[in-house]
Amino acid sequence: MHELSVEHREAGAAVRRILYAQLPSRALVVVAQLGIPDLLADEPLALPTLAERTGTDAATLARLLRSLSVFGLFEESTEQVYSLTPLGEALTSAHPASALPSAKLVAGDFGSAWADLLTTVRTGQSPFERSHGTDLFTHMERDEELRGTFDNSQGCGLTLELDEILREVDFSPYSTVVDVGGSDGTFLRRVLEATPGINGIVFDLPSSTSRLLKQSAPDPLSGRYSVITGDFFEKVPEGGDLYLLSHILHDWDDDKAVEILKTCRAAMSDTASLMVVDLVAADRGQHDERLHTAALMDLYMLSLFGGTGGQERTAAQVEVLLEKAGFRLTQVDALPSGMNVIHAIPAT
């Protein structure tokens, strides 16, 4: 056998790293299910204590934590005392951009959907339709706990993006922002905090806005926004001069996405604007590392919605949807993280 070239050796190793990447993912899910990050949030703990509190086999738990230490999530002393690193702290429930809700999703039906990707690719069918007889969002409306976990995951993920978006996008020209599908109001509230003098409306299903409506703490922004519940396939509130769709269109197939856009258009005056915040998928032949997140998320959407459902789209594909719904694309802000803010106005 001939000696491998450097290129062949590096390619073989790189592909194997991608293949085995699901193993640290599953290990992270396990430590999240066991509550280990929160147990270590206040102080380091010795292995026997951790094993006792989590009901696990000490020797096996040590191997799990040692492996994740190599990935930078935990630190292990010579006496087998474990502590969190800054990376590991992102799995605690108190972290401002906590990944714990996402880990809980992966531990349940979402992770099961990933495991059946072969059937999804063969049939094009959503794994949720195969397993539950209905689509993902209808399934979540029937499962209040799952819906809450999903909304928490979305909200925590959004916090990763907001500083960049607010740094790059000027909201001051607008007076009333309507956050369509705004869930618990995280995005709109940050916009209001950063932009004095403007007001807003959070619009979503009752199950999505319930946390915002139930909050009991004094709210310094309470006079600047309202919460309206409804279905964005039927009607959205009128009166805004900016309509915001943050990570909404990617949840739906093209026909449904156009329906949402048309509903927004029907509520808008001819002088109002639309802003779509989403990852933008790579065009054919692009290999920019900034597009890796969009590629990962498109695989995620494929595993949840099947071949004809939600997806990450290229800017050109989004422009086609906008035109079908009566909009004209005016600008695309490609942010350093790979996030894109797409601006559009009613076509005249």
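Residues numbered from 1 in each chain as written. Predicted model: local features only at pLDDT ≥ 70, side-chain atom pairs only at ≥ 80, totals over all residues. Heavy atoms only, no water.

Using the criterion set out here, one finds nine salt bridges in the structure. Between Arg147 and Asp151 there is a salt bridge, with the nearest N and O atoms lying 3.2 Å from each other. Here Arg147 pairs with Asp151, and both are found in helix H12 (residues 144–168), just four residues apart, close to one helical turn. This pair shows no difference in class: Arg147 is buried, exactly as Asp151 is. (Salt bridge = Lys/Arg side-chain N within 4 Å of Asp/Glu carboxyl O. Helix = DSSP H or I, 4+ residues; strand = E, 2+ residues; numbered from the N terminus. Buried < 20%, exposed > 50% of the residue type's maximum accessible area, 1.4 Å probe, protein only.)

The contact between helix H2 (residues 22–33) and helix H5 (residues 58–70) brings their axes to 10 Å, and the two run at 120 degrees. Relative to H5, the element H2 is oriented oblique. Between H2 and H5 lies a crossing of left-handed hand. Mapping the contact onto sequence places Pro24, Ala27, Leu28, Val30 and Val31 in H2 and Leu64, Leu65 and Leu68 in H5. (Axes fitted to C-alpha atoms, helices over the stretch in contact; angles between N-to-C directions. Parallel < 35°, antiparallel > 145°, perpendicular 65-115°, else oblique. Left-handed = near helix turned anticlockwise from the far one by under 90°. Contact = heavy atoms within 4.5 Å.)

This paragraph deals with the side chain of Thr186. Tracing the chain through its elements places Thr186 in helix H13 (residues 186–194). Reaching out from Thr186, the side chain makes a polar contact with the side chain of Asp184 at a distance of 2.7 Å. (Polar contact = N/O pair within 3.5 Å; in protein donor to acceptor, adjacent residues only side chain to side chain.)

Another point: the pairing of strand S8 (residues 273–279). Residues in a regular strand project their side chains so that they alternate between the two faces of the sheet. With seven of its seven residues buried, S8 lies for the most part within the structure. Side chains Ser273, Met275, Val277 and Leu279 project from S8 onto one buried face, and the interleaved Leu274, Val276 and Asp278 project onto a second face that is buried too. Note: strand S7 (residues 242–246) against S8, five bridges, orientation parallel. The residue bridging Leu244 from the neighbouring strand is Met275, located in S8. For the crossover from S7 across helix H15 (residues 254–267) to S8, the handedness is right-handed. By the bridge criterion, six bridges tie S8 to strand S10 (residues 339–346) in an arrangement that is antiparallel. Bridging across to S10, Met275 finds its partner in His343. (Pairing = 2+ DSSP bridges. Right-handed = clockwise from strand over helix to strand, strands pointing away.)

Let us look at the packing of H15 against helix H17 (residues 315–324). For the pair H15 and H17, interaxial distance at closest approach is 8 Å and the crossing angle is 50 degrees. Relative to H17, H15 is oriented oblique. Considering only the axes of H15 and H17, their crossing is right-handed. Listed contacts from H17 to Asp254, Ala257, Val258, Leu261 and Lys262 of H15 are Leu321, Leu322 and Lys324. Each residue belonging to the contact of H15 with H17 can be placed in one class, and the counts come to five nonpolar, no polar and three charged. (Nonpolar A, V, L, I, M, F, W, Y, C, P; charged D, E, K, R; others polar.)

Okay, the sheet that holds strand S5 (residues 199–204) next. Spatial strand order, S6-S5-S4-S7-S8-S10-S9: seven strands in an open sheet with mixed pairing. Of all strands in the sheet, those with a lone pairing partner are strand S6 (225–229) and strand S9 (327–334), marking the two edges. Averaged over all pairs of adjacent strands, the angle between strand axes in this sheet comes to 20 degrees, irrespective of strand direction. Lying over the sheet, H15 contacts strand S4 (176–180), S7, S8, S9 and S10, oriented at roughly 165 degrees with respect to S7.

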